[in-house]
Amino acid sequence: MPDPAKQPATVRYAAILVGIEGIAALIMVVVLAVRGFAGGDAKVAFGTAGWFAIIGAALVAAAWALWSGRRWGRGIAVFAQLLLLPVTWYIAVGSHQWRYGVPIAIVAVAVLVLMFSPSALQWLSAQDPED
């Protein structure tokens, strides 16, 4: 079993940010479901809610894995941030919603910086391959 005490603070900080992203995605599930039940375009609302549920659950699982010292959470977290960056570009530049796109992009870049910091990479390479 991995020892969370041996992981660097950068991994813990990344776990917190990824967890917040996951919780935000799960909150969107509720918002979209309410919108669908309230008479909005139900197919779009429930379909988008399903997507957010999958992503939110994956991010919460990744955050838990990182927090508890399991290295498999890093792959999910990094992949999600790499997917999120083009979305933030579209939000900020394409849709002219800078107030939403820029903060989300900052969080995504922060997670990537934390996950690729020298201490996180050293921690990752020192893990047992069974984790």
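Owing to the predicted nature of the structure, the values given are computational and were not obtained by experimental measurement.

The rules behind the values
Residues numbered from 1 in each chain as written. Predicted model: local features only at pLDDT ≥ 70, side-chain atom pairs only at ≥ 80, totals over all residues. Heavy atoms only, no water. Helix = DSSP H or I, 4+ residues; strand = E, 2+ residues; numbered from the N terminus. Expected span 1.5 Å × (residues − 1). Buried < 20%, exposed > 50% of the residue type's maximum accessible area, 1.4 Å probe, protein only. Contact = heavy atoms within 4.5 Å. Axes fitted to C-alpha atoms, helices over the stretch in contact; angles between N-to-C directions. Parallel < 35°, antiparallel > 145°, perpendicular 65-115°, else oblique. Left-handed = near helix turned anticlockwise from the far one by under 90°. Nonpolar A, V, L, I, M, F, W, Y, C, P; charged D, E, K, R; others polar. Phe/Tyr/Trp six-rings, centres within 6.5 Å; stacked < 30°, edge-to-face > 60°. Lys NZ or Arg CZ within 6 Å of the ring centre and 35° of its normal.

Comments concerning helix α4 (residues 98-115)
- Under the 1.5 Å per step criterion, the end-to-end length of α4 is 25 Å for 18 residues, consistent within 8% with the ideal 26 Å.
- Along α4, the residues classified as buried are Gly 101, Ala 105, Ala 108, Val 111, Leu 112, Leu 114 and Met 115.
- Each element contacted by the buried residues of α4 is listed here: α1 (9-37), α2 (42-67), α3 (72-94) and α5 (118-126).

Details of the packing of α2 against α3
- Between α2 and α3, the least distance of the axes is 8 Å, while the angle of their chain directions is 135°. Considered as vectors, α2 and α3 are oriented oblique to each other. As for the relative orientation of α2 and α3, their crossing is left-handed in sense. Contacts between α2 and α3 involve Ala 58, Leu 59, Ala 61, Ala 62, Trp 64, Ala 65 and Leu 66 from the former and Trp 72, Gly 73, Arg 74, Ile 76, Ala 77, Ala 80 and Gln 81 from the latter.
- When the residues that make up the contact of α2 with α3 are grouped by side-chain class, the tally is 11 nonpolar, two polar and one charged.

Here's the deal with the packing of aromatic side chains
- Per the counting criterion, the structure on display carries two aromatic pairs.
- Summarising the aromatic geometry, the rings of Phe 37 and Phe 46 are spaced 5.0 Å apart at their centres and angled 65° between planes, so their arrangement reads as edge-to-face.
- The exposure class of Phe 46 is partly exposed, given its relative accessible area of 35%.
- Summarising the aromatic geometry, the rings of Trp 64 and Trp 72 are spaced 6.4 Å apart at their centres and angled 50° between planes, so their arrangement reads as tilted.
- Geometry around Trp 67 places Arg 12 over its ring, the cationic atom sitting 4.1 Å from the centre.

Some words on the packing of α1 against α4
- Running from N to C, α1 and α4 point in directions that differ by 150°, and their axes come no closer than 9 Å. It follows that α1 is roughly antiparallel to α4 by the angle criterion. Here α1 runs over α4; the crossing is left-handed. Residue-level inspection shows Thr 10, Val 11, Tyr 13, Ala 14, Leu 17, Val 18 and Glu 21 of α1 in contact with α4, the latter providing Val 107, Ala 108, Ala 110, Val 111, Leu 114 and Met 115.
- Counted by class, the contact of α1 with α4 contains 11 nonpolar, one polar and one charged residues.

A look at the environment of Leu 26
- In this structure, Leu 26 sits in helix α1.
- The sequence separation of Leu 26 and Val 113 amounts to 87 residues, and the corresponding C-alpha distance is 24 Å.
- Not counting residues within four places of it along the chain, the set of residues in contact with Leu 26 comprises Phe 52, Ala 53, Gly 56, Ala 57 and Val 60.

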